[in-house]
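If you want the building blocks of each chain, they are given just below.
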Amino acid sequence: MATFKLSLNVSVQGTPIQADALSHARRALQKIGMETRSRWAELIEQSPSIPREQKADYVQSLTVENTGPLQVSVYSDWKYAYEIENGRPSRALKRMLDTSMKVRVSTSKKNAG
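Only a predicted model underlies this, so the values are computations on that prediction, with no experimental measurement involved. (Residues numbered from 1 in each chain as written. Predicted model: local features only at pLDDT ≥ 70, side-chain atom pairs only at ≥ 80, totals over all residues. Heavy atoms only, no water.)

Caption draft 1: Just the overall build of the protein chain, in detail. In terms of regular secondary structure, the protein chain is built from four helices and three strands. What you see in the protein chain, going N to C, is helices and strands ordered as β-α-α-β-β-α-α. Considering only residue pairs separated by 6 or more positions, the protein chain has 57% of its internal contacts joining residues 24 or more positions apart. On the protein chain, roughly 8,900 Å² of surface is accessible, and the fraction owed to carbon and sulfur atoms is 53%. (Helix = DSSP H or I, 4+ residues; strand = E, 2+ residues; numbered from the N terminus. Contact = heavy atoms within 4.5 Å. Areas by Shrake-Rupley, 256 points an atom, 1.4 Å probe, with all protein chains shown as cover.)

Set out below in structure tokens:
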């Protein structure tokens, strides 16, 4: 199962950071992560290409996680998330159509129905 992930890392160079500045930065990153999850969920709900039955599962799978002192990740490990975000693999429709009861072709290759 693939994971679709968005990460935000902040690094500070130079003088040491004071404790309260670090806590403010952590809270700001957490808010950014929550806002990112919220916007991602809105885009899922608005997308016409995602089937209605799958939208709720996809939104529920969105996770915000603090992965380091100044790092937050928003990800989905839902089984179809990677396919939805990057495109679903192609399928050979000829095999499906050859076995379908709805599509019948006569021996002269004309539509029999």
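We are not done yet, so read on.
Caption draft 2: Up close: the pattern of salt bridges. In the structure shown here, the tally under the stated rule is one salt bridge. Measuring nitrogen to oxygen at the nearest pair gives 2.9 Å for the salt bridge that ties Glu35 to Arg39. Note that Glu35 and Arg39 are positioned in helix 1 (residues 19-46) at a spacing of four residues, about one turn of the helix. We classify Glu35 as partly exposed; its relative accessible area is 39%. (Salt bridge = Lys/Arg side-chain N within 4 Å of Asp/Glu carboxyl O. Buried < 20%, exposed > 50% of the residue type's maximum accessible area, 1.4 Å probe, protein only.)

Caption draft 3: Broad picture of the pairing of strand 2 (residues 62-68). Note that strand 2 and strand 3 (residues 71-76) share six bridges and pair antiparallel. Among the inter-strand pairings, Asn66 is bridged to a residue of strand 3, identified as Val72. Adjacent in sequence and paired antiparallel, strand 2 and strand 3 are bridged by two residues. (Pairing = 2+ DSSP bridges.)

Caption draft 4: Highlighting a nonpolar patch on the surface. Side chains of Leu93, Met96 and Leu97 sit close together on the surface and give an oily, nonpolar patch of about 290 Å² of accessible area. Structurally, the position occupied by Leu97 is in helix 4 (residues 93-99). A relative accessible area of 44% places Leu97 in the partly exposed class. (Patch = residues over 30% accessible without salt bridge, like charges linked within 9 Å, V, L, I, M, F, W, Y side chains within 5 Å.)

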